[in-house]
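Residue strings, one per chain:
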Amino acid sequence: MTADEYVRRVNYWLADLPWRTKQELLSELRGHLSELPEGTDLASLGPPEQYAVDLRAAAGLERRRGAIAFVRARRPRNLILTVVALTAIGLAIGAVAWIDSYQPLATGNLSVDPAGAKSSPFRDADSVVFHRGRRFQFGVSVLNTGRFTVRVRGVTLPPGLPFSARLMMSQPQKNRGGISEPFTRFHPFDLKPGQVSLLFFKGVFACRAPENPVGVLGVVDFPVRFSFLWRIATADLQLPTQLAIVFPKGVRCP
Amino acid sequence: MDQTQLLKGVLELAVLAVIARGETYGYEILSTLEQAGFDGVGDASVYGTLRRLEQAGHLESRLAASDSGPARKYYAVTPSGAEQLQAGTDAWGRISGALERLVEQ
């Protein structure tokens, strides 16, 4: 057995001691081993385990157990590195979770309803009668209530709604209660904190569903697609008033 | 009776006595003890005793470069160590005197 190996094995039997104490003891052992005359058989020191037992007994170092002993037996530098790494991992997980739940968009105080829409007997809804080919428009203003800019990517209404329209937008502007023209075709844009933009569909009533619609078709929310950092999500913005599209009897669609 | 057990009982005094002669280091302490007849005591017990005495304030130490290998740890007796040695030697004298008288009778 070499001196290094002897020290390593004694180290194993002292593993529960506080790091500094253990280093002092091992450094003394190293010093001692280096003083031994050339060619001394380390077996004369006894087995490493016995050496460790005798050292403990004479020095009054009892075996330590438990979490505190485990922590104190670690090298301080490694402890700090571990704490730093765990903190970084925790913060990263927290940041990812936060980013995944970040949704700053809200409905502004402007909405666009189709011409001829009326307050209806349905609660919180405006109703409009379907009339194939008649002009149609519908939308709301979208406000960024958060502290970070998000990119607005579009509006994904459920398929089959009875109109053929293209999405329009106003330039993002500070939220002062109103929206100023011009309105242009929608393109993805950045909405900064406190900014508002009017998003609305403009076109004509049209038959889109494969089957003849019956009765009333309600639009409850306005699903705005947005992206923040790497994440793309949909914010289902609640409409100030729902839109109910009423199909009169006798409408043939398609 | 196993001589080793008896030696271990007075090891603390013996170590203090060796260092009281003058500042010295671990390996030299071991050699001196061995020459004095403390050859049944393991090296680990001597190093353990040195540590315990130092922790108790009876010894002080300094590191000094060595010609061979790592720095040597030199030990010296503190005033409290000297008191401990005196008290221990007195007690040991009384015990061994008492034991001798008991055996002679």
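Since this is a predicted model, take the numbers as computed values, not measurements.

Quick look at the overall build of chain B
Turning to step 1, where the next piece is worked out: Scanning chain B from terminus to terminus reveals four helices and three strands.
Turning to step 2, where the next piece is worked out: Start at the N end of chain B and walk to the C end: the helices and strands fall as α-β-α-α-β-β-α.
Turning to step 3, where the next piece is worked out: Counting only residues that meet the buried cut, chain B has 30% of its 105 residues in that class.

Details of the overall build of chain A
Turning to step 1, where the next piece is worked out: What chain A contains, in helices and strands, is five helices and 12 strands.
Turning to step 2, where the next piece is worked out: The proportion of buried residues among the 254 residues of chain A is 22%.
Turning to step 3, where the next piece is worked out: Long-range contacts, defined as pairs at least 24 residues apart, comprise 76% of the intrachain contacts of chain A with a sequence gap of at least 6.

So, the sheet that holds strand S1 (residues 24-25) of chain B
Turning to step 1, where the next piece is worked out: The three strands lie next to each other as S1-S3-S2 (chain B), forming an open sheet whose pairing is antiparallel. The open sheet has two free edges, formed respectively by S1 and strand S2 (59-64) of chain B, since each of these has just one partner strand.

Focus on the interface of chain B and chain A
Turning to step 1, where the next piece is worked out: At the junction of the two partners, chain B supplies 16 residues and chain A supplies 16 residues.
Turning to step 2, where the next piece is worked out: Elements supplying a minimum of two residues to the side of chain B that touches chain A: helix H2 (26-35), helix H3 (43-55) and strand S3 (72-77) of chain B.
Turning to step 3, where the next piece is worked out: Per-element accounting of the side of chain B that touches chain A gives the leading share, eight residues, to H3(B).

A short note on the confidence of the model for chain B
Turning to step 1, where the next piece is worked out: Chain-level pLDDT for chain B is 88 on average; 90% of the residues reach the 70-or-more range.
Turning to step 2, where the next piece is worked out: The ipTM value of the predicted complex is 0.82, and its pTM value is 0.61.

Notes on unusual backbone geometry
Residue and element names in this part refer to chain A.
Turning to step 1, where the next piece is worked out: Here the amide bond leading from Glu181 into Pro182 is cis, since omega sits at 10 degrees, within 30 degrees of zero.
Turning to step 2, where the next piece is worked out: Phi angles above zero are rare outside glycine, and Leu229 is one such case at about 55 degrees.
Turning to step 3, where the next piece is worked out: Relative to the helices and strands, Leu229 resides in the loop between strand S11 (216-228) and strand S12 (231-246).
Turning to step 4, where the next piece is worked out: For Leu229, a count of 13 C-beta atoms within 10 Å corresponds to the partly exposed category.

Digging into the packing of H2(B) against H3(B)
Residue and element names in this part refer to chain B.
Turning to step 1, where the next piece is worked out: Where H2 meets H3, the axes come as close as 11 Å, and the angle between the chain directions of the two elements is 120 degrees. Looking at the two axes, H2 sits oblique to H3. Both H2 and H3 take part in a crossing whose hand is right-handed. Contacts between H2 and H3 involve Gly26, Ile29, Leu30 and Leu33 from the former and Asp43, Val46, Tyr47 and Leu50 from the latter.
Turning to step 2, where the next piece is worked out: Taken together, the residues of the contact of H2 with H3 break down into six nonpolar, one polar and one charged.

Concerning the pairing of strand S10 (residues 195-205) of chain A
Residues and elements named next belong to chain A.
Turning to step 1, where the next piece is worked out: Sheet topology note: the strand S4 (residues 135-144)/S10 ladder contains nine bridges and is antiparallel. Its bridge partner being in S10, Leu143 is matched across the sheet by Val196.
Turning to step 2, where the next piece is worked out: For strand S6 (residues 163-170) and S10, the ladder comprises seven bridges, and the chain directions are antiparallel. The residue of S10 that forms the bridge with Ala165 is Gly203.
Turning to step 3, where the next piece is worked out: Pairing geometry for strand S7 (residues 173-174) and S10, over two bridges, is antiparallel. Among the inter-strand pairings, Lys174 is bridged to a residue of S10, identified as Gln195.

Some points on the nonpolar core
Turning to step 1, where the next piece is worked out: Of all hydrophobic cores here, the largest spans 32 residues; its most connected members are Leu55(A), Val15(B), Ile19(B), Leu33(B), Val46(B) and Leu50(B).
Turning to step 2, where the next piece is worked out: Secondary-structure elements contributing two or more residues to this core are helix H2 (19-35) and helix H3 (48-59) of chain A together with helix H1 (3-20), H2, H3 and S3 of chain B.
Turning to step 3, where the next piece is worked out: With sequence-adjacent residues up to four places away left out, Leu50(B) is seen in contact with Val15(B), Gly26(B), Leu59(B) and Tyr75(B).
Turning to step 4, where the next piece is worked out: Of all hydrophobic cores here, the second largest spans 29 residues; its members include Val142(A), Leu199(A), Leu237(A) and Leu239(A).

Regarding H3(A)
Turning to step 1, where the next piece is worked out: Compared with an ideal rise of 1.5 Å per residue, which puts 12 residues at 16 Å, H3(A) spans 16 Å between its outermost C-alpha atoms and is within 8% of the ideal.
Turning to step 2, where the next piece is worked out: Within H3(A), the full set of buried residues consists of Pro48(A), Tyr51(A), Ala52(A), Asp54(A), Leu55(A), Ala58(A) and Ala59(A). The buried residues of H3(A) occupy an angular sector of 165 degrees when projected down its axis, which confines them to one face.
Turning to step 3, where the next piece is worked out: Of the surrounding secondary structure, the elements contacted by the buried residues of H3(A) are helix H1 (3-13) and H2 of chain A together with H3 of chain B.
Turning to step 4, where the next piece is worked out: Following H3(A) by one or two positions, Gly60(A) has its phi on the positive side, about 70 degrees.

Description of the pairing of S11(A)
Residue and element names in this part refer to chain A.
Turning to step 1, where the next piece is worked out: Relative to S11, strand S5 (residues 150-155) is paired through four bridges, and the arrangement is antiparallel. Its bridge partner being in S11, Gly154 is matched across the sheet by Arg225.
Turning to step 2, where the next piece is worked out: Bridge count for S11 against S12 is 12 bridges, and the pairing is antiparallel. By the bridge assignment, Asp221 is partnered in S12 with Gln238.
Turning to step 3, where the next piece is worked out: The hairpin formed by S11 and S12 contains two residues between the paired strands, and Leu229 there has a positive phi angle of roughly 55 degrees.

The rules behind each value
Residues numbered from 1 in each chain as written. Chains lettered and ligands numbered in written order. Predicted model: local features only at pLDDT ≥ 70, side-chain atom pairs only at ≥ 80, totals over all residues. Helix = DSSP H or I, 4+ residues; strand = E, 2+ residues; numbered from the N terminus. Buried ≥ 20, exposed ≤ 12 C-beta atoms within 10 Å, placed from the backbone. Contact = placed C-beta atoms within 7 Å. Pairing = 2+ DSSP bridges. pLDDT = per-residue confidence, 0-100. Axes fitted to C-alpha atoms, helices over the stretch in contact; angles between N-to-C directions. Parallel < 35°, antiparallel > 145°, perpendicular 65-115°, else oblique. Left-handed = near helix turned anticlockwise from the far one by under 90°. Nonpolar A, V, L, I, M, F, W, Y, C, P; charged D, E, K, R; others polar. Core = buried A, V, L, I, M, F, W, Y, C linked by C-beta atoms within 7 Å. Expected span 1.5 Å × (residues − 1). Arc of directions from axis to C-beta.

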